[in-house]
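Here are the chains, one letter per residue:
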Amino acid sequence: MTASTERPPPDLSGGGLGATRRVGDRVFAALTTGAGVLVLALIVAIGAFLLTKAIPAVQKDSTNFFTTKLWQPDNDPSVFGIAALVFGTLLSSIIALVVAGPIAIGIALYISDYAPRRLATPIGYLVDLLAAVPSVVYGLWGLLFLAPHSDKFQQFLSDHFGFIPLFDLGKNGVVGRSMMIASLVLAIMILPIVAAISREIFLQVPQANREAALALGATKLEMIRLAVLPYSKSGVVGALMLGLGRALGETIAVALVLSLSYSTSFHIIDANVGGNTIAANIASQYQAAEPLGQRALIASGLVLFVITFAVNALARYVVTRSGKRAAAV
Amino acid sequence: MSKRIVAEDVNAFYGSFRAIAGVSLTIEPNTVTALIGPSGCGKSTFLRTINRLHEVIPGARVEGKVMLDSEDLYGAGVDAVAVRRTIGMVFQRPNPFPTMSIYDNVAAGLRLNGIKNSKVLDEAVERSLRGANLWNEVKERLAKPGAGLSGGQQQRLCIARAIAVEPQVLLMDEPCSALDPISTLAIEDLMTDLKQRYTIVIVTHNMQQAARVSDRTGFFSLEATGEPGRLIEIDTTEKIFSNPSEKRTEDYITGRFG
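Note that the coordinates shown come from a computational prediction; the quantities given were computed from them, not determined experimentally.

### Focus: the overall build of chain A
Counting its regular elements, chain A contains 13 helices and 2 strands. Here chain A holds 329 residues, and 43% of them are scored as buried. Contacts in chain A between residues far apart in sequence, at least 24 positions, make up 71% of those at least 6 positions apart. Carbon and sulfur atoms make up 68% of the accessible area of chain A, which amounts to about 17,600 Å² in all.

Following this line, the structure appears as structure tokens:
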């Protein structure tokens with residue numbers, strides 16, 4: 001009270017007082033606007049770069065860019081297409097998602113609803129730590145540990161589940177650096193991000209919803225089915241999409257693990273068949289490529305850009321919809 | 001259908017903190033019993049020991065006995081989930097399942113009990129919504145989300161959800177504190193109807209409400225912050241509000257508390 005009476009009354013009749021005080025405000029506003037514009041400019045620059053390099057390269061392609069499996073852009077005539085790359089990218093990412101999704105949701109539910117508090121926090125930190133491991137480390141681990149140590153498992157799959165085309169090793173098949181191992185490495189990489197986001201979403205489910213279910217006589221599993229999952233369904237879908245986006249764009253781990261080839265085979269445990277993804281192909285080919293080959297790789301990068309953009313847009317859409325519904329409640 | 005609750009020396013803990021100490025009381029069937037007292041006195045905690053909901057909070061536990069007629073709810077081999085199926089609860093804030101329709105909200109408890117027959121469900125949903133005095137307002141839009149109703153309607157929806165499974169006891173934890181006076185009146189009227197069929201225990205901060213709806217009133221209090229809450233006295237509502245035995249009760253009722 002005394003402080004305010006000692007201060008002179010503010011001059012509201014106009015003049016310089018108000019204006020000079022807002023300089024800091026205006027500078028800050030300009031800075032944030034600049035940062036926002038920068039993002040837009042970056043997206044435009046990247047898009048323009050990809051387009052200007054990609055279009056001439058695709059025009060020099062002697063075959064159909066979208067249906068060709070081969071990648072020999074520096075041959076004469078130039079032959080390259082993204083069919084095998086897109087196939088491998090989607091196949092490895094989808095397998096990774098199918099494997100990692102349920103486990104990640106299980107981890108998240110364990111942390112949010114099952115683990116004693118003493119365990120929940122450290123496990124949460126561990127999950128975050130896993131997300132921070134560089135992908136090259138995952139790649140080396142997959143190449144030097146997982147691939148050699150999973151031979152028996154892959155052989156077992158082939159022996160007992162070979163009737164499923166996915167696990168058919170064929171006559172000349174070799175287990176090892178197969179599409180399955182690459183996909184599993186991807187699965188392990190996206191596991192923490194999906195688990196971390198799902199955990200946050202599950203923790204946001206109001207305790208009142210959980211208690212509503214428990215008070216009705218729901219078991220813990222029924223409570224999760226009744227109160228937790230419906231409330232967080234859209235958010236978890238968003239988390240899965242973000243994981244998928246990461247798997248689609250992963251480069252070095254796949255390039256290290258997978259025995260690279262341009263095939264569109266579903267025989268995922270056959271290392272002779274192998275496979276490739278857009279990002280891994282760029283990483284492995286770019287150094288040795290001639291100018292046309294480099295531009296062809298950029299064209300494949302544009303395709304990856306479009307695919308990941310579509311996945312992210314879909315995730316955005318799903319998450320926004322869940323946000324709206326949560327706000328309406 | 002409606003049963004007597006006898007609590008014997010109930011103590012409830014959050015970790016090492018004792019929230020209520022030595023509560024013993026009897027709640028008669030087909031009555032409304034109100035629990036009143038200052039914030040933090042443990043009346044809600046005690047309510048949650050009756051349907052064994054207290055123990056779902058990590059680190060929380062209960063000592064003592066709560067008898068439902070002749071059965072000790074905390075006896076060895078008693079399943080907390082089964083207890084909660086016989087004792088319904090309505091919370092302070094209306095908490096219908098946000099993603100479910102009005103119909104599915106009411107049917108949720110029945111479905112947990114394995115009832116799938118749509119005719120049985122239809123009848124139970126209508127009976128419960130009529131019982132909660134909500135049927136006429138929602139019968140045209142049973143498939144709409146329960147979250148789209150007004151606060152008072154949502155609370156009656158939660159009551160319908162709770163009585164759909166035909167519980168023996170209905171616990172209400174400040175059921176009107178988030179509602180306007182008209183919705184409050186609707187729910188108070190409903191309690192008078194419901195006590196024909198259920199034993200009702202209501203926690204309330206509103207002493208007028210306790211006086212209006214309850215047959216018996218229990219007063220909880222605590223010596224000081226950090227001390228456990230205790231039951232000071234329980235008697236007929238008339239006696240508590242006109243001539244309580246304990247001075248502390250009188251101080252609280254007349255507003256001279258603390």
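### Some remarks on the overall build of chain B
Along its length, chain B carries 10 helices and 10 strands. For chain B, the C-alpha radius of gyration of 18 Å lies close to 18 Å, the compact-globule estimate for 258 residues. Projecting the C-alpha coordinates of chain B onto the three principal axes gives extents of approximately 55 × 45 × 30 Å. Here chain B, with 258 residues, has 56% of them falling under the buried criterion. A sequence separation of at least 24 residues applies to 68% of the contacts in chain B between residues at least 6 apart. Taken as a whole, chain B presents about 10,800 Å² of accessible surface, with 47% of it coming from carbon and sulfur. Charged side chains in chain B number 30 positive and 31 negative. The centres of these two groups are separated by 4 Å.

### Quick notes on the packing of helix H4 (residues 83-114) of chain A against helix H8 (residues 179-204) of chain A
Residues and elements named next belong to chain A. With their axes 6 Å apart at the nearest point, H4 and H8 run at an angle of 40° to one another. Considering the angle they form, H4 stands oblique to H8. Handedness of the H4/H8 crossing: right-handed. Of the residues assigned to the contact of H4 with H8, the class counts are 23 nonpolar, 6 polar and 1 charged.

### As for the pairing of strand S9 (residues 216-222) of chain B
Residues and elements named next belong to chain B. With 6 of its 7 residues buried, S9 lies for the most part within the structure. Note that strand S3 (residues 32-36) and S9 share 4 bridges and pair parallel. Within the sheet, the bridge partner assigned to Leu35 lies in S9 and is Gly218.

### Comments concerning the interface of chain B and chain A
The interface is formed by 21 residues belonging to chain B together with 19 residues belonging to chain A. Summing the contributions of chain B and of chain A, the shared interface buries around 1,800 Å²; its carbon and sulfur component is 68%. Between chain B and chain A we count 2 salt bridges in total. Its salt-bridge partner being A:Glu211, residue B:Arg48 comes within 2.7 Å of it at the nearest N-O pair. Taken together, the connections running from chain B to chain A amount to 5 residue pairs in polar contact (both at pLDDT 80 or more). If you list the elements that add at least two residues to the side of chain B that touches chain A, you get helix H2 (80-86), strand S6 (87-90) and helix H3 (102-112) of chain B. Of the residues contributing to the side of chain B that touches chain A, the split by class is 13 nonpolar, 4 polar and 4 charged.

### Focus: a nonpolar patch on the surface
A cluster of nonpolar residues, A:Val136, A:Val137, A:Leu140, A:Leu144 and A:Ile252, forms a patch on the protein surface that exposes about 400 Å² of accessible area. Relative to the helices and strands, A:Val136 resides in helix H6 (residues 135-149).

### Regarding the pairing of strand S7 (residues 169-173) of chain B
Residue and element names in this part refer to chain B. Burial runs high along S7: 5 of the 5 residues are buried. Of the two faces of S7, both are covered, the one formed by Val169, Leu171 and Asp173 as well as the one formed by Leu170 and Met172. One ladder, built from 4 bridges, connects S6 with S7; its direction is parallel. Bridging across to S7, Met89 finds its partner in Leu171. Taken together, the 5 bridges between S7 and strand S8 (residues 199-203) define a ladder with parallel strand orientation. Note that in S8 the partner of Met172 across the bridge is Ile202.

### Things to note about the side chain of B:Asp72
Residue and element names in this part refer to chain B. Following the sequence through the fold, Asp72 ends up in strand S5 (residues 71-72). Comment: no salt bridge for buried Asp72; closest opposite-charge side chain is Lys65, at 5.1 Å. Not counting residues within four places of it along the chain, the set of residues in contact with Asp72 comprises Lys65, Val66, Met67 and Val78.

### Describing the packing of aromatic side chains
Residues and elements named next belong to chain A. Inspection of the entire model under this criterion finds 10 aromatic pairs over all chains. Relative to Phe161, the ring of Phe156 lies with its centre 6.3 Å away and its plane at 65°, an arrangement referred to as edge-to-face. What makes Phe156 partly exposed here is its relative accessible area of 41%. With a centroid separation of 6.4 Å and an interplanar angle of 25°, the aromatic rings of Phe305 and Phe309 are classed as stacked. Taken together, the positions of Phe305 and Phe309, both in helix H13 (residues 291-328) and 4 residues apart, correspond to about one turn of that helix. Put simply, the rings of Phe65, Phe66, Trp71 and Phe80 pair up and form one aromatic cluster.

### Quick look at the packing of H8(A) against helix H10 (residues 220-249) of chain A
All names here are of chain A. Contact pair H8 / H10: the axes reach a minimum separation of 9 Å and the direction vectors enclose 155°. Here H10 runs roughly antiparallel to H8, going by the angle between their axes. Of the two elements, H8 crosses H10, and the hand of that crossing is right-handed. Two secondary-structure elements touch here, H8 through Leu186, Met189, Ile190, Ile193, Val194, Ile197, Ser198, Ile201, Phe202 and Gln204 and H10 through Val228, Leu229, Tyr231, Ser232, Gly235, Val236, Ala239, Leu240, Leu242, Gly243, Arg246 and Ala247. Across the contact of H8 with H10, the residue classes break down as 16 nonpolar, 5 polar and 1 charged.

The rules behind the values
- Residues numbered from 1 in each chain as written.
- Chains lettered and ligands numbered in written order.
- Predicted model: local features only at pLDDT ≥ 70, side-chain atom pairs only at ≥ 80, totals over all residues.
- Heavy atoms only, no water.
- Helix = DSSP H or I, 4+ residues; strand = E, 2+ residues; numbered from the N terminus.
- Buried < 20%, exposed > 50% of the residue type's maximum accessible area, 1.4 Å probe, protein only.
- Contact = heavy atoms within 4.5 Å.
- Areas by Shrake-Rupley, 256 points an atom, 1.4 Å probe, with all protein chains shown as cover.
- Rg over C-alpha atoms; globule rule 2.2 N^0.38 Å.
- Lys, Arg positive; Asp, Glu negative; His and termini not counted.
- Charge placed at Lys NZ, Arg CZ, Asp CG, Glu CD.
- Axes fitted to C-alpha atoms, helices over the stretch in contact; angles between N-to-C directions.
- Parallel < 35°, antiparallel > 145°, perpendicular 65-115°, else oblique.
- Left-handed = near helix turned anticlockwise from the far one by under 90°.
- Nonpolar A, V, L, I, M, F, W, Y, C, P; charged D, E, K, R; others polar.
- Pairing = 2+ DSSP bridges.
- Buried area = accessible area lost by both parts, 1.4 Å probe.
- Salt bridge = Lys/Arg side-chain N within 4 Å of Asp/Glu carboxyl O.
- Polar contact = N/O pair within 3.5 Å; in protein donor to acceptor, adjacent residues only side chain to side chain.
- Patch = residues over 30% accessible without salt bridge, like charges linked within 9 Å, V, L, I, M, F, W, Y side chains within 5 Å.
- Phe/Tyr/Trp six-rings, centres within 6.5 Å; stacked < 30°, edge-to-face > 60°.

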